[in-house]
Amino acid sequence: MDHARLYDLTMQAIGHALEGDSEGATTAMLEIGQNGTWHDVYGSCCAFAEVGKRALIKFYGAKAPSTANGDSWGMTILDPAKADPAEVFATRFIVAYANDDKDTAIALFRAALESSDEEYVSSVAQLLATAASLANSALTHARE
């Protein structure tokens, strides 16, 4: 898949997800998954995580951690026994990406890639959904 098409499909997936159009997001993501390489999917995941990162920065404003100052984002899983693996992947990927921790982001993606097809697809889809949810929440927060 050429970079222009990958970019277009990734932006379509993000746009549809932000609008709550899961069918449109799924269509764009399916084309990336079916016609692209795992590198293409990873690139899209990084774009999704960038949306999540920017949303977190917008939401927290001046209180947001600054990786330039040695600060970092973190997460807490309230009930690990009930945690959905796809949600855990999505949250951890966004946190790793927001912390500029490329090694962890790649390791998380690789673990998802090497899992079952169903878990891999669910993880990537949940990443997009989580990023869109964060972005919509940050927008709502900014309007209040």
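The coordinates are above.
The paragraphs below set out a description of the structure included in this document. Within any chain, residue numbers begin from 1 and follow the written order of that chain's sequence. Only residues with pLDDT of at least 70 get local features here, since the model is predicted, and only at 80 or more are side-chain atom pairs given and counted; chain-wide, interface and lining totals rely on the full set of residues. To obtain the side-chain values, all non-hydrogen atoms of the structure were used and water was disregarded.

**What about the overall build of the protein chain?**
Thought 1: The helix count covers DSSP runs of H or I at least four residues long, the strand count covers runs of E at least two residues long, and both are numbered beginning at the N terminus. Looking only at helices and strands, one finds 6 helices and 0 strands in the protein chain.
Thought 2: Start at the N end of the protein chain and walk to the C end: the helices and strands fall as α-α-α-α-α-α.
Thought 3: The quantity called the radius of gyration is restricted to C-alpha atoms. Its globule counterpart is 2.2 Å times the number of residues to the power 0.38. Its C-alpha atoms give the protein chain a radius of gyration of 15 Å, near enough to 15 Å, the size a compact globule of 144 residues would have.
Thought 4: In terms of overall dimensions, the protein chain has C-alpha extents of about 40 × 35 × 30 Å along its principal axes.
Thought 5: Contacts in the protein chain between residues at least 24 apart in sequence constitute 66% of all its contacts with a sequence separation of at least 6.
Thought 6: For every accessible area listed, the method is Shrake-Rupley and the probe measures 1.4 Å; residues are considered covered only by the protein chains on display. Here the protein chain displays about 8500 Å² of accessible surface, and carbon together with sulfur accounts for 53% of that area. A contact between two residues is defined here by any heavy atoms of the two lying within 4.5 Å.

**A closer look at the packing of aromatic side chains**
Thought 1: The criterion for an aromatic pair is that two Phe, Tyr or Trp rings (for Trp, the six-membered ring) have centres within 6.5 Å, with stacked assigned to planes under 30 degrees apart, edge-to-face to planes over 60 apart and tilted to the rest. Taken as a whole and assessed by the stated rule, the structure comprises 7 aromatic pairs.
Thought 2: Ring centres of Phe89 and Phe93 lie 5.6 Å apart, and the angle between their planes is 35 degrees; on these two criteria the pair is classed as tilted. Residue Phe89 and its partner Phe93 are both found in helix H4 (residues 85-98); the two are separated by 4 residues, about one turn of the helix. Of the two residues, Phe89 and Phe93, both sit in the buried class.
Thought 3: Ring pairing ties together the aromatic residues Trp38, Tyr42, Phe89, Phe93, Phe109 and Tyr120, which thus form one cluster. Buried residues are those whose accessible area, probed at 1.4 Å on protein chains only, stays under 20% of the maximum for their type, while exposed residues exceed 50% and partly exposed ones sit between those limits.

**Section: the environment of His141**
Thought 1: Structurally, the position occupied by His141 is in helix H6 (residues 117-143).
Thought 2: Considered as a pair, His141 and Tyr60 are 81 residues apart in the sequence and their alpha carbons are 9.6 Å apart.

**As for the nonpolar core**
Thought 1: Ranked by size, the top nonpolar core spans 36 residues in total, and within it Phe48, Phe93, Leu127 and Leu128 carry the most contacts.
Thought 2: Secondary-structure elements contributing two or more residues to this core are helix H1 (3-18), helix H2 (22-35), helix H3 (38-60), H4, helix H5 (102-113) and H6.
Thought 3: Per-element accounting of this core gives the leading share, 8 residues, to H3.
Thought 4: Residues contacting Phe48, with those up to four places away along its chain left out, are Thr10, Ala13, Ile14, Met29, Val124, Leu127, Leu128 and Ala131. Note on terminology: a nonpolar core comprises buried Ala, Val, Leu, Ile, Met, Phe, Trp, Tyr and Cys residues joined through side-chain atoms within 4.5 Å.

**Quick look at the pattern of salt bridges**
Thought 1: For this analysis, a salt bridge means a side-chain nitrogen from Lys or Arg found within 4 Å of a carboxyl oxygen belonging to Asp or Glu. Here the structure, examined in full by the defined rule, presents 6 salt bridges.
Thought 2: Across the pair Glu31 and Arg5 runs a salt bridge whose closest N-O atoms are separated by 2.9 Å. Of the two residues, Glu31 is situated in helix H2 and Arg5 in helix H1; the sequence distance between them amounts to 26 residues.
Thought 3: On the basis of relative accessibility, which here comes to 25%, the residue Glu31 falls in the partly exposed class.
Thought 4: Overall, Arg5 belongs to the partly exposed group, its relative accessible area being 32%.
Thought 5: Between Arg54 and Glu50 there is a salt bridge, and its shortest N-O distance comes to 2.6 Å.

**Some thoughts on unusual backbone geometry**
Thought 1: The backbone of Asp100 shows a phi angle near 55 degrees, a positive value even though the residue is not glycine.
Thought 2: For Asp100, the location among the structural elements is in the loop between H4 and H5.
Thought 3: Look at Asp100 and you get partly exposed, because its relative accessible area is 44%.

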